[in-house]
Amino acid sequence: MMKEPEVLELHSETLDQIYVHAKGEFPDECCGIILSDGTREFVRKCRNVQNERHAKDPDRYPRDARTAYLMAEDDLNKIHQEGRDKKRQIKVLYHSHPNHDAYFSEKDKADATWGDWGPTYPGAVYLVVSVYDWRRFYLWLLEKLGLVKTAKAFAWNEDDTDFVEVPIHAKREA
Ligand SMILES: [Zn+2]
């Protein structure tokens, strides 16, 4: 059984790529996965198919992509295949909250667990990126000053049998 991480260590470049993805999909949620071989990190974007599902079946999918995400199955399959072929682990599952703060919602929790069975991806951390339109500049400024974090990470905690926030340590590569 994989030990649940108590801190999320990431390369700054990885975080940067995810911010760019989140801003590019605004006002929709972006989603994706970070694969890791233990040293290197590989950002793999997933198509958010929530709008398609919502259009087809609004009863079952009442939200559209502005407040929900659903990773495209073919993208997920490719990522799993890459993981097997190249021995890369799923380190992080990420998505964005357009015009909302970075928190782990009840829906996020439900998506990340198999009912009472525990986490869907044991050992993986969930990263939620907050992205605002009108506050973008101010957030950028506050981020530069170290006053706010626009991303938060959540890991399964066996003792709490719940997801708890873990600090993000972003390291710039030498
Ligand atoms: Zn969310």
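Preceding block: the structure.
Here is a short report on the structure shown in this document. None of these values were measured; they are calculated from a predicted model. (Residues numbered from 1 in each chain as written. Predicted model: local features only at pLDDT ≥ 70, side-chain atom pairs only at ≥ 80, totals over all residues.)

### A word on the sheet that holds strand E4 (residues 89–98)
- With mixed pairing, six strands are arranged side by side in an open sheet as E3-E2-E4-E5-E6-E7. The open sheet has two edge strands with one neighbour each: strand E3 (41–46) and strand E7 (162–166). With direction set aside, neighbouring strand axes in the sheet form an average angle of 30°.
- Examined bridge by bridge, E4 and strand E5 (residues 125–131) share seven bridges and lie parallel to one another. Directly across from proline 98, in E5, lies its bridge partner valine 131. (Pairing = 2+ DSSP bridges. Helix = DSSP H or I, 4+ residues; strand = E, 2+ residues; numbered from the N terminus. Axes fitted to C-alpha atoms, helices over the stretch in contact; angles between N-to-C directions.)

### A short note on the pairing of E7
- The sheet contact formed by strand E6 (residues 151–157) and E7 spans five bridges and is antiparallel. Across the sheet, the residue bridging to asparagine 157 is aspartate 162, located in E7.

### Here's the deal with helix H1 (residues 12–25)
- Taking 1.5 Å per residue, 14 residues should reach 20 Å; H1 reaches 20 Å between its end C-alpha atoms and fits that length.
- Buried residues of H1: Thr14, Leu15, Ile18, His21, Ala22 and Glu25, and no others. Projected onto a plane normal to the axis of H1, the buried residues spread over an arc of 120° and lie on a single side. Structural note: H1 exposes Ser12, Val20 and Gly24 on the side pointing more than 90 degrees away from its buried face. (Expected span 1.5 Å × (residues − 1). Buried ≥ 20, exposed ≤ 12 C-beta atoms within 10 Å, placed from the backbone. Arc of directions from axis to C-beta.)

### Remarks on the nonpolar core
- In this structure, Ile33, Val92, Tyr94, Val125, Tyr126, Leu127 and Val129 are the most contacted members of the largest nonpolar core, which totals 32 residues.
- For this core, the secondary structure elements donating two or more residues are strand E1 (8–11), H1, strand E2 (31–36), E4, E5 and E6.
- When residues of this core are assigned to their parent elements, the largest contribution, six residues, is made by E5.
- Here valine 129 is in contact with Ile18, Tyr19, Ala22, Tyr94, Ser96, Ala102, Thr150 and Ala151, once residues within four sequence places are set aside. (Core = buried A, V, L, I, M, F, W, Y, C linked by C-beta atoms within 7 Å. Contact = placed C-beta atoms within 7 Å.)

### Some thoughts on helix H3 (residues 73–86)
- Here H3 spans 20 Å end to end across 14 residues, near enough to the 20 Å set by a 1.5 Å rise per residue.
- Counting buried positions along H3 yields one of 14 residues, so the element is predominantly exposed.
- Phi turns positive one or two residues past the end of H3, at lysine 87, with a value near 55°.

### A word on the environment of glutamate 158
- Its location among the elements puts glutamate 158 in the loop between E6 and E7.
- As a C-alpha pair, glutamate 158 and isoleucine 79 span 79 residues in sequence and 26 Å in three-dimensional space.

### Observations concerning the pairing of E6
- Counting buried positions along E6 yields five of seven residues, so the element is predominantly enclosed.
- Where E5 meets E6, five bridges bridge the pair, whose relative direction is antiparallel. The residue bridging valine 125 from the neighbouring strand is alanine 155, located in E6.
- Between E6 and E7, which pair antiparallel and follow one another directly, the connecting turn spans four residues, one of which, threonine 161, has a positive phi of 40°.

### Concerning unusual backbone geometry
- In the segment running from phenylalanine 26 into proline 27, the intervening peptide bond is cis, with an omega of 10°.
- Tracing the backbone shows proline 27 in the loop between H1 and E2.
- In the Ramachandran plot, lysine 87 falls in the positive-phi region, its phi being about 55° despite a non-glycine side chain.
- Relative to the elements of secondary structure, lysine 87 occurs in the loop between H3 and E4.
- The class of lysine 87 is exposed, set by 10 C-beta atoms lying within 10 Å.
- One non-glycine residue, threonine 161, lies in the positive phi region at around 40°.
- Threonine 161 gets classed as exposed once you count the C-beta atoms within 10 Å, which come to 11.

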